[in-house]
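Spelled out from the first residue to the last, the chains are:
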Amino acid sequence: MAPSQAAYAPSLEKLLKSLKSKSLEASIEDLIFLLKRRQVSGDECANATAHMLLQVVARSKWHDVDQLLSRIQSTGSRLAQAAPHEPVIGNIVRRVLGLIRDEASEDRNADEFMSESVSDLQSLPPSAPSHTRPTGATPVRPALVPTATSLAVSKSMFNLLSAAETADSPMTGASTPISQAQPTSAHALRSEVIDGIEEIMDEISQADDQIAGFADIQVHPGDFILAMLPSPAVERFLLKAAAKRRFTALLASNGSYISAVGEAPYAALRKKLNAAGVNTVNLASNGLLAYMPRANKVIFGAKAVYQSGGLLVDSACCIAARAAQEYSKPVIVLSGVYKFCPFDPSEEVSKVDLGNPMTYVSYGDGPAVDALEVENAVAEYLPPELVDVYLTNLGPQTRDHLGSIISDHYKPEDMGLSLLINEA
Amino acid sequence: GRRPSVVAATILKETRSSIPECFRHVPMAKRVPTSAAHKDVHPAVLAVGQQMATFAIKDSIARLEATLLAFRRVIESYETPKGNSLSRHFVPHVLNPQIEYLTECRPMCFAMGNAIRLLKTQVNKFDIDTPEDEAKEGLLETIDLFIRERISLAEFVIARNAARLINDGDVVLTYGRHRLVEKTFLRAKENGKTFGVSIIDDPYDNGGQALAKTLHAAGIRVFYSPNLGGLRANVERASNVLLGAEAIFANGSLQAPAGTADVAMVATNVNKKVVALCETINFDRERVAVDSLTYNEIDPGRNTAESFRLMFDNTRDRYISG
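Worth saying up front: this structure is predicted, and the values here are computed from it rather than measured.

1. Some details on the domain arrangement of chain B
All names here are of chain B. Along its sequence, chain B is carved into domain 1 (3-155) and domain 2 (166-319). Taken together, the 23 residues of domain 1 in the interface contact 20 residues of domain 2. Considering each element in turn, the side of domain 1 that touches domain 2 owes the most residues, four residues, to helix H5 (residues 110-125). Of the residues belonging to the side of domain 1 that touches domain 2, the class tally is 15 nonpolar, four polar and four charged.

2. Thoughts on the confidence of the model for chain B
Should the pLDDT be low somewhere, the predicted coordinates at that spot are not to be read in detail. Residues with a pLDDT of 70 or more make up 89% of chain B, whose mean pLDDT is 83. The complex prediction reports pTM at 0.77, with the ipTM value standing at 0.78.

3. What to know about the environment of Ala 245 of chain B
All names here are of chain B. Its place among the elements puts Ala 245 in the loop between strand E4 (240-244) and strand E5 (247-248). Taking the C-alpha atoms as reference, Ala 245 lies 16 Å from Ile 57; in sequence the two are 188 residues apart. Contact partners of Ala 245, with chain neighbours within four places excluded, come to Leu 254, Gln 255, Ala 256, Ala 276, Leu 277, Cys 278 and Asn 282.

4. Thoughts on the nonpolar core
Residues and elements named next belong to chain A. Ala 227, Leu 250, Phe 300 and Ala 320 are the most contacted members of the largest nonpolar core, which totals 194 residues. In terms of residue count, helix H6 (residues 87-111) provides more of this core than any other element does, nine residues in total. Here Ala 320 is in contact with Leu 226, Met 228, Ala 252, Leu 288, Val 298 and Phe 300, once residues within four sequence places are set aside.

5. Notes on the environment of Glu 29 of chain A
Summarising the element assignment, Glu 29 of chain A is placed in helix H3 (residues 24-36). For the pair Glu 29 of chain A and Leu 238 of chain A, spaced 209 residues apart in sequence, the C-alpha separation works out to 37 Å.

6. A word on unusual backbone geometry
Residues and elements named next belong to chain B. At Phe 55, a residue that is not glycine, the phi angle is positive and equals roughly 65°. A residue is classified by how many C-beta atoms lie within 10 Å of it, and Phe 55, with 14 of them, is partly exposed. Phi at Asn 271 takes a positive value of approximately 60°, unusual for a residue other than glycine. For Asn 271, the location among the structural elements is in the loop between helix H10 (260-269) and strand E7 (273-277). In this structure Asn 271 comes out as exposed when scored by C-beta crowding, with 9 C-beta atoms within 10 Å.

7. Section: the packing of helix H4 (residues 43-59) of chain A against helix H5 (residues 65-82) of chain A
Residue and element names in this part refer to chain A. Where H4 contacts H5, the two axes come as close as 10 Å, and the packing angle between them is 145°. In this structure, the crossing between H4 and H5 has a hand that is right-handed. Counting all contacts with H4, which are made through Thr 49, Met 52, Leu 53, Val 56 and Val 57, the residues of H5 involved are Leu 68, Arg 71, Ile 72, Thr 75, Gly 76 and Leu 79.

8. Focus on the sheet that holds E7 of chain B
Two pairing modes exist for strands in a sheet, parallel and antiparallel, and in both the strands are linked by backbone hydrogen bonds. Read across the sheet, six strands follow the order E9(A)-E3(B)-E2(B)-E1(B)-E4(B)-E7(B) without closing on themselves; strand pairing throughout is parallel. The sheet terminates laterally at strand E9 (373-374) of chain A together with E7 of chain B, the two strands that pair on one side only. Both strand E1 (residues 171-175) of chain B and strand E2 (residues 196-200) of chain B contribute to a ladder of five bridges, which runs parallel. Of the residues in E2 of chain B, the one forming a bridge with Val 171 of chain B is Gly 196 of chain B.

9. Section: helix H11 (residues 267-275) of chain A
Since the α-helix advances by 3.6 residues per turn, residues separated by three or four positions end up pointing in the same direction. All names here are of chain A. Listed in full, the buried residues belonging to H11 are Leu 269, Arg 270 and Leu 273. Taken down its axis, H11 places every buried residue within 95° of arc, on the same side. Residues of H11 that are exposed and point more than 90 degrees away from the buried face comprise Ala 267, Ala 268, Lys 271 and Ala 275. Downstream of H11 by a residue or two, Gly 277 has a phi angle that is positive, lying close to 85°.

10. A closer look at the pairing of E2 of chain B
Residues and elements named next belong to chain B. Most of E2 is tucked away: four of the five residues are buried. Where the polypeptide runs from E1 across helix H7 (residues 179-190) and back to E2, its parallel neighbour, the crossover connection is right-handed. Bridging between E2 and strand E3 (residues 221-225) involves five bridges; their strand directions are parallel. Its bridge partner being in E3, Ser 198 is matched across the sheet by Phe 223. Traced from E2 through helix H8 (residues 207-217) to E3, the parallel crossover comes out right-handed.

11. Observations concerning the confidence of the model for chain A
Residue and element names in this part refer to chain A. Averaged over chain A, the pLDDT score is 73; the fraction of residues at 70 or greater is 68%. Mean pLDDT values over the elements of chain A span from 40, in helix H7 (residues 149-165), up to 92, in strand E7 (residues 331-334). Note that pLDDT drops below 50 for residues 1-7; the model gives that stretch two contacts with residues more than four away or on any other chain. Below pLDDT 50 for its whole length, residues 113-181 participates in 109 contacts with residues either more than four positions away or in separate chains.

Rules of the game
Residues numbered from 1 in each chain as written. Chains lettered and ligands numbered in written order. Predicted model: local features only at pLDDT ≥ 70, side-chain atom pairs only at ≥ 80, totals over all residues. Domains from an automatic or database assignment. Contact = placed C-beta atoms within 7 Å. Helix = DSSP H or I, 4+ residues; strand = E, 2+ residues; numbered from the N terminus. Nonpolar A, V, L, I, M, F, W, Y, C, P; charged D, E, K, R; others polar. pLDDT = per-residue confidence, 0-100. Core = buried A, V, L, I, M, F, W, Y, C linked by C-beta atoms within 7 Å. Buried ≥ 20, exposed ≤ 12 C-beta atoms within 10 Å, placed from the backbone. Axes fitted to C-alpha atoms, helices over the stretch in contact; angles between N-to-C directions. Left-handed = near helix turned anticlockwise from the far one by under 90°. Pairing = 2+ DSSP bridges. Arc of directions from axis to C-beta. Right-handed = clockwise from strand over helix to strand, strands pointing away.

Now the structure itself:
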């Protein structure tokens, strides 16, 4: 996109500013447009979704928990459908749904007899309240094992169907006991859910910083760090490491910068790193195997982390990861916990995501336009075998522990949301 | 005439200082002004040197051919000074300055090294009393034969054999643009095969686009990826992989345009046949390389910390099936 257009183009920033002045429906539509046109993408998606759901909670009319849940679900799946290549949106929707369920059950506990509340005090995340839904309908709550999806499906089947058939159906079956909750508590619930969503937003905004906090453990003096397409998280990570360590950063890009405005990519990052005494080299290369003997480790950010440990990443990162594997160099993936998806990609998702080939092939080149069937893959699925460390805001994780993190953050009822998106 | 090469050395120093330290051992092509060249360098060689430094003549065989043709001119215009014999005087006083200059313009490729070695042995074979005309005639003949056998005939045979590997309905994947690969595709088309070609390009080189246009003009269906993105999916769709190599080391590993190794690795991992095409003149029987930093060149257009690129990479033999 030309920079001159950028000033006039709608952006997330403008949308968030205009939230107050527009009707809720109008702002949702606006965001959907932004998502569809990929003017909001990557890490912004999570933030945008949280903002929008906050508006839904705060401004839409709802009288009980079920209404709220179905509203969030319908808005959430609309957003997710607008950008099926951004699984993060679904994650945030699920987090918010889980949050509402938690708050609702807490309310009910206060109203009804306390004896019924079976608090399942598992190692819950700091951001989520430490109460879980009391076991009203089912006598025994299924254990939150990593492969909880199969259990979750049976549990939330009714929920799924009813939500899919119409978004504003008043009754969703999964939380039957809660649906009798008194409308009087709606107000309290509203403010509690809003608080909760704000906490999620904080988590999103702080994730990069928290990840960067682990930088000096991972980066050692004299290292050659190959950073593939440095994302904001990776930049922060490198800068934090640069404060303590002397290393060399090999910044690699995949050629999409060639026809972009200036020649030198990552100029700002390089300036900061150089100022901290860190050598930087911009690798302008397609293949990365040539440089791998020199590099010690490979670092990049993920767009999403799936349950199996597989990743959704920029396609160039796959090349870096494969090259690293060839030379047995560790691959470190930076990802906030909010990017963890409680499901595995379906066949369709695991295919590559195609982008605009304009930067590579000029339309001015007539013969080329004739001759080429161009395919420019931008995002790709990276199998879990190629990743060594998942560095999250909760610390470094291995593949085996991803399941427990996911089950800590999502309710089994909401894991099926992805199905709902695909069906609709 | 030592003075000119001092000038060249300072040019060398200036350009090299911008190369990041960890890659400073890798040689790089550079433009040596014709005025800075040794006084004995033949005009034809001067021209070839400039073309090499600017990458107007790029791949190893084209460089080899240009060098040999230039040397032909050198030999034609050579006259043995009085009291000397061709077999004693020609190599140290005439041929060596040419070679030195060419190496300064761009590091020699293996094919050039092999050819020059052959030429020198040929000169040494002449008896000290061989008449000049006869010796010159012999050398010119050697060069002609060399070009015919090792370049033209090799190209023909390789293309013919490789074209047999392409079957009807195949989608053949290739990386960038290589002369032999292009010849092979056209040959297979002439033989009446119907097949598609999937070209993976290097966005820093864009040779693949030119190849795509040639193939399209010949009526071959072309799929094009501007970079290595989605490589795995592309390779899985293809039936086999045809790569062009710049050189082959004694341990069987390939030197080929950067990115080739990535393609070969992925293709082998998904069990596709990977065939590398290379003339035997590009084989090196002495040097061994297991990684890409042992023998390589830096792209003279991208040689600073701002933007840095190696020309070649190294594909281990285990990733090549034939």
